[in-house]
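In case you want the letters, here they are:
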Amino acid sequence: MMRTREDIARTIRQDGYVSLPAAETRRFFDSDGTALGGEPWRAFAESWGDLRPDTYMADGGRYRQRRHATYAATPGGEILRGAHRPHFQALQHNPLNGGLERWFEPVAAQVGDGAPMMRLLAGAREVFEASCGEAVPWHIEAHQFRIEARPDAVGKPTPEGMHRDGVAFVLVTLIGRENVAGGVTGIRVDGRDGEASFTLEEPLDTVLLDDTRVWHGVTPISPIDPARPGHRDVLVLTFARPR
Ligand SMILES: [Fe+2]
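Here the structure is a predicted model, which means the values were calculated and not measured.

> Tell me about the layout of surface pockets, and name the residues and values.
To find leftover empty space, one rolls a probe the size of a water molecule over the atoms. Put simply, the largest pocket is a space of about 980 Å³. For the largest pocket, the lining is made up of 50 residues, of which Gln89, Asp165, Gly166, Val167 and Thr238 are closest to its centre. Top element by residues in the lining of the largest pocket is strand 15 (residues 230–240). It accounts for seven residues. Residue composition of the lining of the largest pocket, grouped by class: 21 nonpolar, 14 polar and 15 charged.

The structure is reproduced here in structure tokens:
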């Protein structure tokens, strides 16, 4: 089945979220096949090997590495990288690590301005604007995350548990998984009991969600082969309305 942008947007409106298998992400976000495959994608994914430790972990965890970038989208116009600035989440949205400005190392220039990132930003904006029916000057944040799983310590993709990010829309795409079990994404819509759950397994398996309706969380990861470490790499894009 080949879903159109409008099909994908309608699913977000109806269900609060949509998950796209990698092949569909590629087809939708990269129709000419020049950005999310081959050398551009290889270099993009490889940049997850050069992240920096998150030193703000209130649980004392040392299992998370990351980089951060901000972008501004003018309605119908370009998406431009913004000045480096801190990441802020209210305590209400992140009781564990929120409530303060957190400075993270910037996403490398060639990664932040490269074709894979720009395609994902542009495609996400299209879907989210089709979903909410309006074009606004979005404040966008991009997070590169690597969660490490060691034989003696699980890695927690969402140490704060089930949560909202405190924005309008969120895209999460898997960059890669190496020697890890677990990492199951749970989704709770409109506060209803019961969660949908699925696992982002292949690079570019993606979920797009309406953060005003959906709580999300990811279960801990541990190494499949306990003799060596593992990791789970994701890109998270958050779209917020201007304050
Ligand atoms: Fe989140």
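> Please provide a residue-by-residue account of unusual backbone geometry, values included.
Glycine aside, a negative phi is what most residues show, and trans is what most peptide bonds show. Positive phi, close to 55 degrees, is recorded for Asp190, a residue that is not glycine. By the secondary structure assignment, Asp190 is in the loop between strand 10 (184–189) and strand 11 (196–199). A positive phi angle is found at Leu204, which is not glycine, with a value near 80 degrees. Positionally, Leu204 belongs in the loop between strand 11 and strand 12 (206–210). What makes Leu204 buried here is its relative accessible area of 0%.

> Summarise the sheet that holds strand 11; cite the residues concerned and give the values.
The strands making up a sheet are joined through hydrogen bonds of the backbone, oriented either antiparallel or parallel. Spatially, three strands are ordered 11-10-13 in an open sheet, and the strand pairing comes out antiparallel. Single-partner strands in this sheet number two, and they are strand 11 and strand 13 (214–218). Looking at each pair of strands side by side, their axes are set apart by 20 degrees on average, direction ignored. Across five bridges, strand 10 lies against strand 13 in antiparallel orientation. Within strand 13, the residue paired with Ile187 across the bridge is His216.

> An account of the packing of aromatic side chains is requested, with residue identities and associated values reported.
Applying the stated criterion across every chain yields a total of nine aromatic pairs. Measuring from ring centre to ring centre gives 6.1 Å for Tyr17 and Phe198, while their planes differ by 15 degrees; the resulting arrangement is stacked. Within this pair, whereas Tyr17 is found in strand 1 (residues 17–20), its partner Phe198 is found in strand 11, the two being separated by 181 residues in sequence. Relative to Phe29, the ring of Phe28 has its centre 5.2 Å away and its plane inclined at 85 degrees; by these criteria the two rings are edge-to-face. Looking at Phe29, the relative accessible area reads 5%, which means it is buried. The structure contains a cluster of three or more aromatic residues connected by ring pairs, namely Phe128, Trp138, Phe169 and Phe239.

> Describe the coordination of the iron ion, and please don't skip the residues or the numbers.
For the iron ion, the full set of protein donor atoms is His163 (NE2), Asp165 (OD) and His216 (NE2), at a range of 2.1 to 2.2 Å. All donors of the iron ion belong to a single chain; written as a sequence motif, their spacing is H-x1-D-x50-H. For the pair formed by His163 and Asp165, the shared burial category is buried.

How each quantity is defined
- Residues numbered from 1 in each chain as written.
- Predicted model: local features only at pLDDT ≥ 70, side-chain atom pairs only at ≥ 80, totals over all residues.
- Heavy atoms only, no water.
- 1 Å grid on protein atoms, 1.4 Å probe; cavity = no way out; pocket = protein on both sides within 12 Å on 5 of 7 lines; lining within 4 Å.
- Points joined across faces, edges and corners; volume = space filled by probe spheres on them.
- Helix = DSSP H or I, 4+ residues; strand = E, 2+ residues; numbered from the N terminus.
- Nonpolar A, V, L, I, M, F, W, Y, C, P; charged D, E, K, R; others polar.
- Buried < 20%, exposed > 50% of the residue type's maximum accessible area, 1.4 Å probe, protein only.
- Pairing = 2+ DSSP bridges.
- Axes fitted to C-alpha atoms, helices over the stretch in contact; angles between N-to-C directions.
- Phe/Tyr/Trp six-rings, centres within 6.5 Å; stacked < 30°, edge-to-face > 60°.
- Donors = N, O, S within 2.8 Å, 3.2 Å for Na, K, Ca; no water.

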